[in-house]
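Tertiary structure, described
Below, each chain spelled out in residue letters.
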Amino acid sequence: MKRIYILRHGKAEDGYGKSDFERELIPKGKKKTIKVAQYLKENNIVPQKILASMAQRTIQTAEVMSDILSISKDAILVEKSLYLASSNSILDVLYGVDDQIQELMLIGHNPGLSSLATYLAGKEIDWMPTSGLVGVEIQIDKWTDISGPLSHLLFYIKPNDL
């Protein structure tokens, strides 16, 4: 059995004068991400590895999670192909995850994250908000076997609900 925690990056600054790739978290985005991380900590949910897009805002979101959950920075893997990836592209990355990893956090962008969450959760996850988190349990032993029909939704957290 595997668990994946699908997290949309925290709220980022507007892109004036910067590329989308360079946009950083704003204080509100960091605050909401901290709330979500504290929820995970209170529920003893600590992923073994964090996969994050190379965008600055996703890296900063991963660092907040790492700090609050006491996850080593070495457990953060920054993956270029996750930047604005489709759900199929994200699945391709997940197929390559070491099978020793039982609990994984994925930090990225819409619309790919929401599409992946909908596929794995078996219910419509409409446009995840920034710092929104979906937890899914998958009845597999190998990441290459990941499939929606083998999954079920554990939770869907919107930071404004915490």
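As shown above, the structure is provided for reference.
This section reports on the structure supplied with the text. In this text, all values refer to a predicted model and were calculated from it rather than measured experimentally. Residue positions are given per chain, counting from 1 as you read along its sequence in written order. Whole-chain, interface and lining totals are the exception, using all residues; otherwise, since this is a predicted model, local features are given only for residues with pLDDT of at least 70 and side-chain atom pairs are given and counted only at 80 or more. No hydrogens and no water enter the side-chain calculation; it runs on all heavy atoms of the structure.

**Focus: helix α2 (residues 56-69)**
- Spanning 14 residues, α2 covers 20 Å between terminal C-alpha atoms, matching the ideal 20 Å at 1.5 Å per step.
- Most of α2 sits out of view: 10 of its 14 residues are buried.
- Burial here depends on accessible area, computed with a 1.4 Å probe over protein chains only, as a share of the maximum for the residue type. Under 20% is buried, over 50% is exposed, and the range in between is partly exposed. Here a strand is any run of E in DSSP of at least two residues, a helix any run of H or I of at least four, and the numbering for each starts at the N terminus. Looking only at α2, the buried set comprises Arg 57, Thr 58, Gln 60, Thr 61, Ala 62, Val 64, Met 65, Ser 66, Ile 68 and Leu 69.
- The first or second residue beyond α2 is Ser 70, which carries a positive phi of 55°. To estimate how far a helix should reach, multiply one less than its number of residues by 1.5 Å.

**Concerning a nonpolar patch on the surface**
- Candidates for patches are residues over 30% relative accessible area with no salt bridge; among them, like charges are joined within 9 Å and nonpolar side chains (Val, Leu, Ile, Met, Phe, Trp, Tyr) within 5 Å. The accessible surface values rely on the Shrake-Rupley method and a 1.4 Å probe; as for residues, cover is taken only from the protein chains in view. What counts as a salt bridge is simple: a side-chain nitrogen of Lys or Arg found within 4 Å of a carboxyl oxygen of Asp or Glu. A cluster of nonpolar side chains, Phe 21, Met 54 and Val 78, forms an exposed patch at the surface whose accessible area comes to about 200 Å².
- With respect to the helices and strands, Val 78 occurs in strand β3 (residues 76-79).

**A word on the sheet that holds strand β6 (residues 151-157)**
- Whether two strands pair comes down to DSSP finding at least two bridges between them. Within the open sheet, the 6 strands sit side by side as β3-β2-β4-β1-β5-β6. Their pairing is mixed. Looking at strand neighbours, the two that pair on one side only are β3 and β6, the edges of this open sheet. Averaged over all adjacent pairs, the angle separating strand axes in this sheet is 20°, with direction ignored.
- With 6 bridges connecting them, strand β5 (residues 133-138) and β6 associate as antiparallel partners. Bridge assignment links Gly 135 to a residue of β6, and that residue is Phe 155.
- Between two residues, a contact is recorded if the distance between any of their heavy atoms is within 4.5 Å. Axis definition: a line fitted to C-alpha atoms, limited for helices to the stretch in contact. Angles are taken between N-to-C directions and run from 0 to 180 degrees. With respect to the sheet, α2 is in contact with β1 (2-8), β2 (49-53), β3 and β4 (103-108), its orientation differing from that of β2 by roughly 160°.

**What to know about helix α1 (residues 27-42)**
- Taking 1.5 Å of rise per residue, 16 residues should cover 22 Å, and α1 covers 22 Å from first to last C-alpha, within 8% of that figure.
- Taken residue by residue, α1 has Gly 29, Lys 32, Thr 33, Val 36, Ala 37 and Leu 40 as its buried positions. For α1, the arc enclosing every buried residue in end-on projection is 140°, short of the 170-degree limit, so these residues lie on one face. Turned more than 90 degrees away from the buried face of α1, the exposed residues are Pro 27, Lys 31 and Glu 42.
- Of the residues one or two after α1, Asn 44 is the one with positive phi, at around 55°. Arc definition: directions from the helix axis to the C-beta atoms.

**Overview of the side chain of Ser 114**
- In this structure, Ser 114 sits in helix α4 (residues 112-121).
- A polar atom in the side chain of Ser 114 sits 2.7 Å from the backbone nitrogen of Met 128.
- Here Ser 114 is in contact with Ile 125, Trp 127 and Met 128, once residues within four sequence places are set aside. For the purposes of these results, a polar contact is taken to be a pair of N or O atoms within 3.5 Å, where, inside protein, one atom must be able to donate a hydrogen and its partner to accept one; residues adjacent in sequence count only when each atom of the pair is a side-chain atom.

**Considering a negative patch on the surface**
- A cluster of like negative charges, contributed by Asp 98, Asp 99, Asp 141 and Asp 145, occupies part of the molecular surface.
- Positionally, Asp 98 belongs in the loop between α3 (87-95) and β4.
- Asp 98 sits in the partly exposed class, given a relative accessible area of 47%. For this count, His and the chain ends are skipped, Lys and Arg are scored as positive, and Asp and Glu as negative. The atoms used to mark charge sites are NZ of Lys, CZ of Arg, CG of Asp and CD of Glu.

**As for the environment of Lys 80**
- In this structure, Lys 80 sits in the loop between β3 and α3.
- It is 5.0 Å that separates the C-alpha atoms of Lys 80 and Met 54, two residues lying 26 residues apart in sequence.

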